[in-house]
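Secondary and tertiary structure notes
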Amino acid sequence: MRSMLGILAACLLGLAAPANAALVQLGISGAVDGTKQTIVCGPSSPMSCITDNKGSLRTDGYQNSFDFLINPIDLKQGANSFEFGGLRNGGVWTGTIFNDNGVLTGSNLLYRFETGNFPTQTIGAYSIRATATTFRVTAVPEPGTWALMLVGFLVVGSALRQQPRRASLPAAA
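Let us look at the structure shown here. (Residues numbered from 1 in each chain as written. Predicted model: local features only at pLDDT ≥ 70, side-chain atom pairs only at ≥ 80, totals over all residues. Heavy atoms only, no water.)

Re the sheet that holds strand β2 (residues 57-74)
Here we have six strands laid out as an open sheet, ordered β2-β1-β6-β5-β4-β3, and antiparallel in their pairing. The open sheet is flanked by β2 and β3 (78-86), the only strands paired with a single partner. Mean inter-strand twist for the sheet, computed between neighbouring axes without regard to direction, equals 15 degrees. (Pairing = 2+ DSSP bridges. Helix = DSSP H or I, 4+ residues; strand = E, 2+ residues; numbered from the N terminus. Axes fitted to C-alpha atoms, helices over the stretch in contact; angles between N-to-C directions.)

A short note on the pairing of strand β4 (residues 91-100)
Here β4 lies mainly inside the structure; eight of its ten residues are buried. The sheet contact formed by β3 and β4 spans nine bridges and is antiparallel. Bridge pairing in β4 places G86 opposite G91. Between the antiparallel neighbours β3 and β4 lie four residues, among them G90 with a positive phi of about 90 degrees. As defined by bridge partners, β4 adjoins strand β5 (residues 103-114) across eight bridges and the pair is classed as antiparallel. Looking across to β5, one finds that T96 is bridged to S107. Where β4 folds back onto β5 in an antiparallel hairpin, the turn is made up of two residues, including N101, whose phi is positive at roughly 55 degrees. (Buried < 20%, exposed > 50% of the residue type's maximum accessible area, 1.4 Å probe, protein only.)

Take a look at the structure:
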C-alpha cells in the first residue's frame, strides 16, 4: 500500500508544476484618491456659462476602493510594472509591484478613465485621474495548487488510517 502511495505522490508532483511557472496570478486592493473633471459648458452653451469663473470644467474630488485580480504577470525579483484595462472601458490601471524574495508590495498605482467624448466639448463628459502611493498585493494560488494540497491531505489521512493499531498496556495500579 505504501509503495502505491509513493507512486501516486510522484505522479502528482509531476503534474503540480504549471506549464509556465513564472506567471503568477495576483490580487490587488486598496483605495485611490484623485479628481474627476466634468465638462459643464460646451461651444453651444450660453456665453455666461463659458465666462464663469469656474470655466468650462468642474473639478470634484474622487475616491474609490478597489479589490480585484489582475492578469497573470511574469513576476521577477525587484520592480515589475503592469498595465491593464481600457481608457473608455472601465479604466486603465498601471502600477509597480516589488518582489523582495517573495514579499510583494505595490506602489505608484494610477487609475485613468474617460467617457466617450472627453475632452471634446460634450456636456456631461468626464475624466477621472486617481492614484494610490501604496496598495496591497497578494499571490493567488492556482486551482491546481489547491487540488494538489487536498490530494496530499487525502494521501496522508489514508496512510495514517492504514497503520496498524498498537495494543495499549494495562494501567499500573
